[in-house]
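Coordinates in review
So the chains spell out like this:
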Amino acid sequence: MRTGVPASEQTSCAKGDPQAYCPENTGGTEAVQVTDCQNPEDSQPQNEQGYSNPQDFGQLMASYEGKAKGYQVPPFGWRICLAHEFAEKRKPFNANNVSLSNLMKHLGMGLRYLQWWYRKTQVEKKTPFIDLINSVPLRQIYGCPLGGIGGGTITRGWRGQFCRWQLNPGMYQHQTVIADQFTVCLRRKGQTVYQQVLSVERPSVLHSWNWGLCGYFAFYHALYPRAWTVYQLPGQNVTLTCRQITPILPHDYQDSSLPVGVFVWDVENEGDEALDVSIMFSMRNGLGGEDDAPGGLWNEPFCLERDGETVQGLLLHHPTPPNPYTMAVAARLTADTMVTHLTAFDPDSAGQQVWQDLLQDGQLDSLAGQSLPSQKGVGIAGAVCVMGKLPPRGQRRLEFSLAWDMPRIMFGAKGQVYYRRYTRFFGPDGDAAPTLSHYALCRYADWEERISAWQSPVLDDRSLPAWYKSALFNELYFLADGGTVWLEVPEDCLREEPVESMCQLRPLLREYGRFGYLEGQEYRMYNTYDVHFYASFALIMLWPKLELSLQYDMALATLREDLAQQRYLMSGIIAPVKRRNVVPHDVGDPDDEPWLRVNAYVVHDTADWKDLNLKFVLQVYRDYYLTGDHCFLRDMWPVCLAVMESEMKFDKDQDGLIENGGYADQTYDGWVTTGPSAYCGGLWLAAVAVMVKMAALCGAQEVQDKFSSILSRGQEAYERLLWNGRYYNYDCSSQPQSHSIMSDQCAGQWFLRASGLGEGDSEVFPTPHVVRALQTIFEYNVQGFAGGAMGAVNGMQPHGVPDRSSVQSDEVWVGVVYGLAATMIQEGLTWEGFRTAEGCYRTVWERLGLAFQTPEAYCQQQVFRSLAYMRPLSIWAMQLALQQQQQQQHKKAPGPIAKQDTGLSTRPKLGPKEAVANPSPECAS
């Protein structure tokens, strides 16, 4: 074999292989046995609460043959054996999945899209914002991403591969880079006895390396922003636990922005013989694609000593324009470890040079000086190695970091230069990679303490089901890995903005920066607002200043106009890109010039959408309610007045209730709605009720009276036209689908309750009707669909068949389901809420293999749509609902919540009403 290791010490990989020795003694591990037991004194029996049994990783761990539990691996999260194979292989949604009747409805749209797609890709040489021709294929491989918020992300798959890259802002490369690996070398009595790439891959390059790790003796465990990979090395009495850490820290606006990740290797010797252990971290400079082809890439070693701590490693310089960067692979030098490096090797060769170098003595040659620049078409990689001594029955810790410094970025149009958030703390000059590495390796222990303090109240709550604990934190991956950017806002950037009525806009954007995340990794539009409506709960609860920053940006965009003419694909009409006093669909495409050119979405003219303006008003009040920020409310009040005035025109018969326009004029952009509807009508009434509340807080009596009158009339019309005794009808058309049961019909009530309204004196929808509607949804859309095991289908006909009148009505939208579950919890249907949401989690994470790429939608069979999507962040609305439920149970006064486990900020000393009535001097009008 190629290892150079004695044959007696080598192992092959086969399930049940008798040569693969499994040590019986795994003593010394500090992993907690997975349990989720009910206390005997719990007030309700488990079957009444509907919460799951003790955590069972089920089929995901069925292949695991090892006995090692790993070093301090937590009991809750998403766990999978590296040998697991998902039985179900779905395909992305495409035209072949559309029924003939729906195909005929969208024939014009399809032809216009093909013309637009050809012009975009072949003439303009750009990537379509939604590419229906080349959907991202199914790859059931992804794990926790590395990197904080807004500095780019690198996803490491659950089998250890570095496989999804977002370094250029908002643009993804789905590519596994074979040279990016960890390799272990074990030496006893001065001889190398075991050397193995910690990868189950068997690639065609670097074939001198020992590939093909036995996946049956290793598992991966994710609890974002951390992940653990446990490797039991058969025949060696050694267990490796690699802990991956990213600084995702609620209410932290500095370290949370850092483009870094830390790998802590805890190596346990379960034998009676001392040994030397080396871990080598190899990394290619670039991804091996067209960005690398021109050459000119180069590597150099570095050593940074500061405050008594020394970090050594390699800098991988990638100067390719327009966004050059430097990657740093580094390790912490301690009294018990030795750090060595190999500055350069060819990642496309057999790799014998680096393999033999490590094999010889467990170290690398560590030649001084920088490498030569790479030649055109030739790759370059480097490696860093840490070696430590491992006593019998002992443990050793080896620490690595990965950092990337791309401080100055340009989007696809290359029209403006931006600086990432982290440059405020580490400088904009492109030389921060060593400092970032040093900082990460010296601060990660503090990060972990803060992560534990944040997560522990949820993880320790035995009334919560185990799957929920995994879903709540792991779905947060998208806040960093949603093509996210977090940018500095220079003073001159705001000079021409109409900001005289917004006292807090300049200081907030200057202090906290500009935030953007994509609708989805495949739906490439920043801050898609109809979807952010659902996802925003994660942001307002964990980084509220970023939510307020986004809201100010949206307010600015609302007040602007862009009268350039655009042909819209669904209808074929030509209309302006953006009209004044209408909330935009999005703030732009990262392949263009976001914020400067909004509304990258060209399927519909969203100026006539019925939900966007309403969602702005509802989020403004919700954000005010949860933060107590009265300056923010006063700043947003004129914008709310403007967008509601724009919305008035949709109430054509003046009955206090808006009408939909007979096309898909809301977030369900493939599902036609006509006349008064449950979804948009409910959002309208909720927004009107919020306007009444805000008018009272802002002392606008005439406005309050106006909207009170509209609310009264609208409530009567809504109940008369839509309530049928069991639920609210989908709409008021003459089509059969008008009687469909829509899973999202209570969205307005959801936001009211999240904002402390919607019951008692502030009731908008009769509580018995809301509860009855939710019970009907649970009976039909949840329990009556796929055996109750896949969440809630968007639309269900009253005779128990999914509504197939559109391409979206028979889909399950994961983010909508989480919002529905939150609504159920708000209304006391807690068991039903958890049961509903559990179906989505189990389908996505356990059955379909879509971990860390939760899609917008899936059907009962065959397909999914739009991988890695924003909307599922709405699971944090469930957490808010639970907190508010707990608050009510303890009979606390209503108001903003100050619970550490939600991540919410401290409750202001003044309540919302008092705060606006007594503004601080700088906000006084």
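Residues numbered from 1 in each chain as written. Predicted model: local features only at pLDDT ≥ 70, side-chain atom pairs only at ≥ 80, totals over all residues. Heavy atoms only, no water.

1. With respect to the confidence of the model for the protein
Defined as follows: Each residue carries a pLDDT score, the predictor's confidence in it, ranging from 0 to 100. The criterion used for residue contact is that any of the two residues' heavy atoms lie within 4.5 Å.
Within the protein, residue pLDDT values average 90, and 90% of them lie at 70 or more. This model gives residues 1-12 a pLDDT under 50, and the stretch forms 28 contacts once residues within four places in sequence are excluded. Confidence drops under pLDDT 50 across residues 897-902; counting only partners more than four residues distant or on other chains, this segment forms 25 contacts.

2. As for the pattern of salt bridges
Definition in use: Here, a salt bridge means any side-chain nitrogen of Lys or Arg that lies within 4 Å of a carboxyl oxygen of Asp or Glu. Note on conventions: DSSP H or I runs of at least 4 residues are helices, E runs of at least 2 residues are strands, and numbering of each starts at the N terminus. Exposure categories follow from relative accessible area, calculated using a 1.4 Å probe and restricted to protein chains: below 20% of the type maximum is buried, above 50% is exposed, and the middle band is partly exposed.
Within the structure shown, the criterion is met by 46 salt bridges. Between Glu 645 and Lys 706 there is a salt bridge, and its shortest N-O distance comes to 3.4 Å. Taken as a pair, Glu 645 in helix H13 (residues 630-647) and Lys 706 in helix H15 (residues 701-722) lie far apart in primary sequence, 61 residues in all. Of the residues examined, Glu 645 reaches a relative accessible area of 47% and is grouped as partly exposed. When the shortest N-O distance is used, the salt bridge between Glu 716 and Arg 720 registers 2.8 Å. Here Arg 720 and Glu 716 lie together in helix H15, a separation of four residues that amounts to about one turn. One network of salt bridges, with partners in common, ties together Arg 226, Arg 243, Asp 266, Arg 397 and Glu 448.

3. Points about the layout of surface pockets
Convention followed: A cavity here means a set of points on a 1 Å grid, drawn over the protein atoms and nothing else, where a 1.4 Å probe fits but cannot get out; a pocket is an open set with protein on both sides within 12 Å along at least five of seven lines, and a residue lines either one if it has an atom within 4 Å of a point. Grid points are joined across faces, edges and corners, and a volume is the space filled by probe spheres set on the points. All amino acids are sorted into three groups, where Ala, Val, Leu, Ile, Met, Phe, Trp, Tyr, Cys and Pro are nonpolar, Asp, Glu, Lys and Arg are charged, and the leftover types, Gly among them, are polar.
Its volume calculated, the largest pocket comes out at about 1000 Å³. Lining the largest pocket we find 46 residues, and of these Phe 93, Val 98, Met 109, Leu 132 and Val 807 sit closest to its centre. For the lining of the largest pocket, the secondary structure elements donating two or more residues are helix H3 (107-123), helix H10 (529-542) and strand E32 (863-865). Per-element tally for the lining of the largest pocket: the top contributor is H3, with six residues. By residue class, the composition of the lining of the largest pocket is 27 nonpolar, ten polar and nine charged. Put simply, the second largest pocket is a space of about 720 Å³. Forming the boundary of the second largest pocket are 29 residues, of which Asn 168, Met 171, Gln 173, Glu 290 and Asp 291 lie nearest the centre. In terms of residue class, the lining of the second largest pocket is built from twelve nonpolar, ten polar and seven charged.

4. Examining unusual backbone geometry
Look at the link from Tyr 224 to Pro 225: it is a cis peptide, with omega at 15°. Looking at the secondary structure, you find Pro 225 in the loop between strand E9 (218-223) and strand E10 (226-233). Phi at Gln 72 is positive, roughly 55°, even though this residue is not glycine. Within the secondary structure, Gln 72 sits in the loop between helix H1 (46-49) and strand E1 (78-81).

5. Some words on the packing of aromatic side chains
Our working rule: What counts as a ring pair is set by centres within 6.5 Å for rings of Phe, Tyr and Trp (its six-membered ring), and what kind of pair is set by the plane angle: stacked under 30 degrees, edge-to-face over 60, tilted for all other angles. Each ring is checked for a lysine NZ or an arginine CZ that lies within 6 Å of its centre and within 35 degrees of its normal; such an atom marks a charge sitting over the ring.
Scanning the model with the defined rule gives 61 aromatic pairs in all. On the numbers, 5.9 Å between centres and 15° between planes, the contact of Tyr 231 with Trp 265 is stacked. Residue Tyr 231 is located in strand E10, and its partner Trp 265 is located in strand E12 (residues 260-269); the two are separated by 34 residues in the primary sequence. You'll find Tyr 231 and Trp 265 in the same group, each marked buried. When the centroid spacing of 5.3 Å and the interplanar angle of 90° are considered together, the rings of Tyr 468 and Phe 834 count as edge-to-face. Separated by 366 residues along the polypeptide, Tyr 468 in helix H7 (residues 466-474) and Phe 834 in helix H19 (residues 830-847) bring together distant segments of the chain. Here Tyr 468 and Phe 834 have matching classes, each one buried. Site record: aromatic cluster; members linked through ring pairs are Trp 78, Tyr 220, Trp 467, Tyr 468, Tyr 477, Phe 478, Phe 515, Tyr 517, Phe 834, Tyr 841, Trp 845 and Phe 852. Residue placement shows Lys 610 over the ring face of Phe 650; its charged tip is 4.4 Å from the ring centre. Here the basic side chain of Arg 871 rests over the ring of Tyr 534, its NZ or CZ set 4.8 Å away from the ring centre.

6. Regarding the environment of Ala 789
Among the structural elements, Ala 789 can be located in the loop between helix H17 (767-782) and strand E29 (795-796). Along the sequence, Ala 789 and Gly 839 sit 50 residues apart, while their C-alpha atoms lie 4.6 Å from each other. Apart from the residues lying within four places of it in its own chain, the contact partners of Ala 789 are Gly 839 and Thr 843.

7. Thoughts on the side chain of His 84
Spelled out, the test is: Here a polar contact is taken to be a pair of N or O atoms separated by no more than 3.5 Å, where protein atoms must pair a possible hydrogen donor with a possible acceptor and residues adjacent in sequence count only if both atoms sit in side chains.
Among the structural elements, His 84 can be located in the loop between E1 and strand E2 (91-92). Among the polar contacts listed, one links the side chain of His 84 to the backbone oxygen of Gln 59, at a separation of 3.1 Å. Excluding residues within four positions of it along the chain, His 84 makes contact with Gln 59, Leu 60, Ser 63, Trp 158 and Arg 159.

8. A few points about H3
Think of an α-helix as turning once every 3.6 residues; residues three or four places apart then point the same way. The condition that has to hold: The span one expects for a helix is its residue count, reduced by one, times 1.5 Å. Throughout, the arc means that of the directions going from the helix axis to the C-beta atoms.
With 17 residues, H3 should cover 24 Å at 1.5 Å per step; its first-to-last C-alpha distance of 24 Å lies within 8% of that length. Of the positions making up H3, those classed as buried are Met 109, Tyr 113, Trp 116, Trp 117 and Thr 121. The arc that holds the buried residues of H3, viewed along the axis, is 115°, so those residues lie on one side. Residues of H3 that are exposed and point more than 90 degrees away from the buried face comprise Leu 111, Gln 115, Tyr 118 and Val 123. Positive backbone phi, at 55°, marks Lys 125, one or two positions downstream of H3.

9. Digging into the pairing of strand E15 (residues 309-318)
Regular strands place side chains that alternate from one sheet face to the opposite one. Which entries qualify depends on this criterion: Pairing between strands is defined by DSSP: at least two bridges between the two strands are required.
Burial of E15 is extensive: eight of the ten residues sit out of reach of the surface. Bridging between strand E14 (residues 298-306) and E15 involves nine bridges; their strand directions are antiparallel. The partner of Trp 298 across the bridge, within E15, is His 317. With antiparallel pairing between neighbouring strands as the criterion, E14 and E15 make up a hairpin whose turn holds two residues, including Asp 307 at a positive phi of roughly 55°. Here E15 runs beside strand E16 (residues 325-333); their pairing, made up of nine bridges, is antiparallel. In the sheet register, Thr 310 faces E16, and the bridge partner there is Leu 333. A loop of six residues connects E15 with E16, the two strands running antiparallel in sequence.

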